[in-house]
Amino acid sequence: MEELSQSFRALGDPTRLRILRLMARAPLNVSELVSLVGVAQSSVSHHLGKLKGLGLIREERQAGFTYYSLALGPEDARWPLIRLAREAADEEGDLARLEDLLRQREDRQALNERLLEPGQSWFLWAGALASLLPALDVADFGCGTGVLSVAIARWASRVWAIDQSEVALTQARERAAREGRSNIRFLREDLHRLSLPSGERDLVVISQSLHHVESPPAVLAEAARILKPGGKLVLLELMPHDERWVLERLGHRHLGFAPETLEASLREVGFGALTRDTHAREGASPFRVFLITGVKQS
Ligand SMILES: C[S@@+](CC[C@H](N)C(=O)[O-])C[C@H]1O[C@@H](n2cnc3c(N)ncnc32)[C@H](O)[C@@H]1O
């Protein structure tokens, strides 16, 4: 009974009532309460001490902050008090400010999760790991506007950026110049019939180009031909899909590939030690990608 009457007395203070009403909705730390209620930190701390002393709230450490939350549930004799606090008119606009604060908190949390996720810095990771490779002579099949060619040129001894489109090559050349990469040779050629000599390249990369070509097996055979024995191939392609609009709008000739089909073609033209990795679907995208690596057998 004594506790009950003390609790009622404690809530006779309007600021304390406001603090309790906020905490009934979400755990909050002292500086959040200061910004929500608009009173000095020392005053908020004093009120929290009082509420904690009465067992109305509890504290919990999280990520270096102390969060305060309601410590009692509907079975407690003082619950009607909390209900009254929750239902009291919000003349100061505390609840609107709380909503804002919780939204900002969610944004911060989403950002933190993205930053902590290793994939967030995949470009730096890829560059750092690739810099540990010996300086390779690389052919980029269907380089398009050269994003990948330029990235590879950071760690390769030389990149052969090959595309049949002059428009794409012009953009790729501009990109290379902007980034000061002078180790890229641009070839305007058809991937089915390359002028590069046989057996001299260390690595061929084919990123999303194979679904554009007339004969994927013939292009894979060209990759095998220009590689040294032991040379490597990295191939990124789309899984089979039903998005027929890409045929006309994007000039695709193939609606993705079953990885097994490309693996069979690769074995046929002389690749072995094949690995395959299929990427999970991203958001609502109808496209999934897979990556195959292989080694030209000697
Ligand atoms: C989707 S882009 C790929 C760009 C780049 N590899 C990437 O991943 O960002 C496909 C490129 O392949 C080129 N291409 C298609 N068929 C080709 C062929 N037979 N010979 C050379 N390039 C070809 C196109 O011009 C286009 O730039």
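Computed from a prediction, not measured in an experiment: that's the story for all the values here. (Residues numbered from 1 in each chain as written. Predicted model: local features only at pLDDT ≥ 70, side-chain atom pairs only at ≥ 80, totals over all residues. Heavy atoms only, no water.)

**Section: the pattern of salt bridges**
Summed over the entire model, instances satisfying the criterion amount to 20 salt bridges. A salt bridge links Lys228 to Asp202; its shortest N-O distance comes to 2.7 Å. With Lys228 in strand β8 (residues 227-238) and Asp202 in strand β7 (residues 201-207), this residue pair connects regions lying 26 residues apart in the sequence. Ionic contacts of the salt-bridge type, sharing partners, join the residues Arg18, Arg21, Asp90, Glu92, Asp94 and Arg97 into one network. (Salt bridge = Lys/Arg side-chain N within 4 Å of Asp/Glu carboxyl O. Helix = DSSP H or I, 4+ residues; strand = E, 2+ residues; numbered from the N terminus.)

**A word on the sheet that holds strand β4 (residues 137-141)**
Here we have seven strands laid out as an open sheet, ordered β6-β5-β4-β7-β8-β10-β9, and mixed in their pairing. The open sheet terminates on both sides in strands that have one partner only, identified here as β6 (184-188) and β9 (271-278). In this sheet, adjacent strand axes meet at a mean angle of 15 degrees when their direction is disregarded. Across five bridges, the pairing between strand β5 (residues 158-163) and β6 is parallel. Among the inter-strand pairings, Asp163 is bridged to a residue of β6, identified as Arg188. (Pairing = 2+ DSSP bridges. Axes fitted to C-alpha atoms, helices over the stretch in contact; angles between N-to-C directions.)

**Looking at the packing of helix α2 (residues 14-23) against helix α3 (residues 30-37)**
Contact pair α2 / α3: the axes reach a minimum separation of 11 Å and the direction vectors enclose 120 degrees. The orientation of α2 relative to α3 falls into the category oblique. Judged by the sense of rotation from one axis to the other, the crossing of α2 with α3 is right-handed. Contacts between α2 and α3 involve Thr15, Arg18, Ile19 and Leu22 on the former and, on the latter, Leu33, Leu36 and Val37. Its residues assigned to classes, the contact of α2 with α3 shows five nonpolar, one polar and one charged. (Parallel < 35°, antiparallel > 145°, perpendicular 65-115°, else oblique. Left-handed = near helix turned anticlockwise from the far one by under 90°. Contact = heavy atoms within 4.5 Å. Nonpolar A, V, L, I, M, F, W, Y, C, P; charged D, E, K, R; others polar.)

**Section: the layout of surface pockets**
Computed from the structure, the largest pocket encloses a volume of approximately 1800 Å³. Taken together, 47 residues form the lining of the largest pocket, with Trp122, Ala126, Leu148, Leu236 and Leu291 sitting closest to its centre. The set of elements that each furnish at least two residues to the lining of the largest pocket consists of α7 (122-130), α8 (147-153), β7, β8, β9 and β10 (289-296). Among the elements that make up the lining of the largest pocket, the one with the highest residue count is β8 (eight residues). Here the residues of the lining of the largest pocket are counted per class, giving 24 nonpolar, 16 polar and seven charged. (1 Å grid on protein atoms, 1.4 Å probe; cavity = no way out; pocket = protein on both sides within 12 Å on 5 of 7 lines; lining within 4 Å. Points joined across faces, edges and corners; volume = space filled by probe spheres on them.)

**Regarding the sheet that holds strand β1 (residues 28-29)**
The sheet built from three strands is open, its strands ordered β1-β3-β2 with antiparallel pairing. If you trace the sheet from one side to the other, it starts and ends with β1 and β2 (57-62), each paired once. Pairing geometry for β2 and strand β3 (residues 65-70), over six bridges, is antiparallel. When the bridges of β3 are listed, Glu59 appears paired with Tyr68. Most of the contacts of α2 go to β3, to which it runs at about 95 degrees, and overall it touches β1, β2 and β3.

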